[in-house]
Amino acid sequence: MGDHGSIVTGPFRSIAGGIELTLAPWECEALQLVPGLLESVGSPGQDPAADRLDQAPYPDDPEASAEFRRLMGGEMAQSRAADRSAFSLTVEQAPHGVTLSAGESEAWLRVLGDTRLVLASRMGIASDGWEDQLAEDDPSVALLHYLGWLQQSLAETLEDLLT
């Protein structure tokens with residue numbers, strides 16, 4: 001097992017009992033926008049972000065996909081809302097340092113992933129190689145890169161806890 005007190009990856013540090021997170025105030029301000037961005041996702045067919053987030057679980061079977069959504073749609077919506085709530089609460093505490101539980105860490109990964117999908121879909125990114133097609137000074141590009149870095153940093157820190 002790794003030395004959990006010594007691995008620092010970005011703003012995350014593995015410690016006994018979880019993952020310590022400390023963010024600069026500007027990072028917290030940026031991340032406080034994430035739940036609102038996710039809440040702004042419209043309906044499938046109307047918003048490319050909704051199409052990206054709610055892809056058919058059974059692409060070759062529309063009937064099975066519809067049944068899955070009928071049975072699981074409410075639970076999935078509740079789970080996403082709980083993830084966003086946990087994310088928001090810990091972002092508020094992050095300037096002073098907060099310890100993320102395993103569940104909060106997983107919520108962070110899901111929220112960061114969903115947010116990256118929303119941004120990418122609204123920017124028209126569908127495959128690799130997009131970096132050359134968008135202006136580097138676009139704030140959405142910067143946010144997409146930052147969220148990707150956070151997601152990777154958290155994943156590496158969690159991986160350290162498992163080794």
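These figures come from a predicted structure and were not determined experimentally. (Residues numbered from 1 in each chain as written. Predicted model: local features only at pLDDT ≥ 70, side-chain atom pairs only at ≥ 80, totals over all residues. Heavy atoms only, no water.)

Draft legend 1. Local environment of the nonpolar core. Judged by nonpolar contacts, the single largest core of 32 residues is most densely connected at Phe 12, Leu 21, Leu 23, Leu 31, Phe 87 and Trp 108. Of all elements in the fold, only β3 (18-21), α1 (25-31), α2 (34-39), α3 (48-53), α4 (62-93), β4 (98-100), α5 (102-122) and α6 (139-162) reach the threshold of two or more residues within this core. By residue number, the principal contributor to this core is α6, which donates 7 residues. If we ignore the near neighbours within four places in the chain, the residues touching Leu 31 are Leu 23, Phe 87, Val 91, Trp 108, Tyr 146, Leu 147 and Leu 150. (Core = buried A, V, L, I, M, F, W, Y, C linked by side-chain atoms within 4.5 Å. Buried < 20%, exposed > 50% of the residue type's maximum accessible area, 1.4 Å probe, protein only. Helix = DSSP H or I, 4+ residues; strand = E, 2+ residues; numbered from the N terminus. Contact = heavy atoms within 4.5 Å.)

Draft legend 2. Examining the pairing of β3 more closely. Where strand β2 (residues 12-15) meets β3, 4 bridges bridge the pair, whose relative direction is antiparallel. Each bridged residue has a counterpart across the sheet, and for Phe 12 the counterpart in β3 is Leu 21. The loop that links β2 with its antiparallel partner β3 comprises 2 residues; one of these, Gly 17, has a positive phi angle of about 95 degrees. By the bridge criterion, 3 bridges tie β3 to β4 in an arrangement that is antiparallel. Considered in β4, the bridge of Glu 20 is made with Thr 99. (Pairing = 2+ DSSP bridges.)

Draft legend 3. Spotlight on α4. Counted at 1.5 Å a residue, the expected span for α4 with its 32 residues is 46 Å, and the 43 Å between its end C-alpha atoms agrees. Its maximal kink placed at Met 72, α4 deviates by approximately 55 degrees. The set of residues buried in α4 consists of Ser 65, Asp 83, Arg 84, Phe 87, Thr 90 and Val 91. Tucked inside the fold, the buried residues of α4 contact α1, α2, β4 and α5. (Expected span 1.5 Å × (residues − 1). Bend = angle between axes of the 7 residues up to and from the residue.)

Draft legend 4. Structural context of the environment of Ala 102. Mapping Ala 102 onto the fold places it in helix α5. Residues Ala 102 and Gly 17, 85 residues apart in the sequence, show an inter-C-alpha distance of 8.7 Å.

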